[in-house]
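Listed below are the residues making up each chain.
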Amino acid sequence: RHLTGLADWDLPPGGLFFWVRLAEGTDPDALLVLAAERGVLFTPGHHFMADPSGAAPALRLNFSNASEEEADRGLAILGELLRVAASRAAKVQAA
């Protein structure tokens, strides 16, 4: 619900991780800095690529140690940060 329209993901059949695909032009490293300032951590997807130079923007989220409330709070913060980034990108494109 917090990332609808901002990212794509598949519900994993098992495991502890979600792979989240972001809109082109989204910088996962810059997003990580802003998220970390608010207590939310994730791993940028390019860390899992053999050739990170061509990797599409993505995140790997881990919920193994978070309560449902903590996970919801983290997703809300990521959604807020992604909306701000999308708004800024739209303003740059319009200029």
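Please refer to the structure higher up on the page.
Residues numbered from 1 in each chain as written. Predicted model: local features only at pLDDT ≥ 70, side-chain atom pairs only at ≥ 80, totals over all residues. Heavy atoms only, no water.

## Quick word on the pattern of salt bridges
Threshold: Each reported salt bridge corresponds to a side-chain nitrogen of Lys or Arg within 4 Å of a carboxyl oxygen of Asp or Glu. Numbering of helices and strands runs from the N terminus; a helix is a DSSP stretch of H or I covering at least four residues, while a strand is a stretch of E covering at least two. Only protein chains enter the accessibility calculation, which uses a 1.4 Å probe; a residue is then buried when its area is under 20% of its type maximum, exposed when over 50%, and partly exposed in between.
Counted under the stated rule, the structure contains three salt bridges. For Arg38, the salt bridge is made with Glu80, and the minimal N-O distance between the two is 3.0 Å. Here Arg38, found in the loop between α1 (28-37) and β3 (43-44), pairs with Glu80, found in helix α2 (residues 68-94); they are 42 residues apart in sequence, far enough to count as distant. By relative accessible area, Arg38 is classed as partly exposed at 33%.

## So, the packing of aromatic side chains
Defined as follows: Here a pair means two rings of Phe, Tyr or Trp (six-membered ring of Trp) with centres within 6.5 Å. Their orientation is stacked below 30 degrees between planes, edge-to-face above 60, and tilted elsewhere. Here, a charge over a ring is recorded when the distance from Lys NZ or Arg CZ to the ring centre is within 6 Å and its angle to the ring normal is within 35 degrees.
Counted according to the given criterion, the structure contains two aromatic pairs. Note on Phe18 and Phe63: the rings are 5.3 Å apart at their centroids and 85° apart in plane angle, and the pair reads as edge-to-face. Of this pair, Phe18 sits in strand β2 (residues 17-22) while Phe63 sits in the loop between β4 (58-62) and α2; the two residues are 45 residues apart in sequence, bridging distant segments of the chain. Since its relative accessible area comes to 22%, Phe18 is described here as partly exposed. On the basis of an interplanar angle of 75° and a centroid distance of 6.1 Å, the ring pair of Trp19 and Phe48 is categorised as edge-to-face. Of this pair, Trp19 sits in strand β2 while Phe48 sits in the loop between β3 and β4, and the two are 29 residues apart along the sequence. Overall, Trp19 belongs to the partly exposed group, its relative accessible area being 29%. One residue, Arg60, lies across the ring of Phe17, its end atom 3.7 Å from the ring centre.

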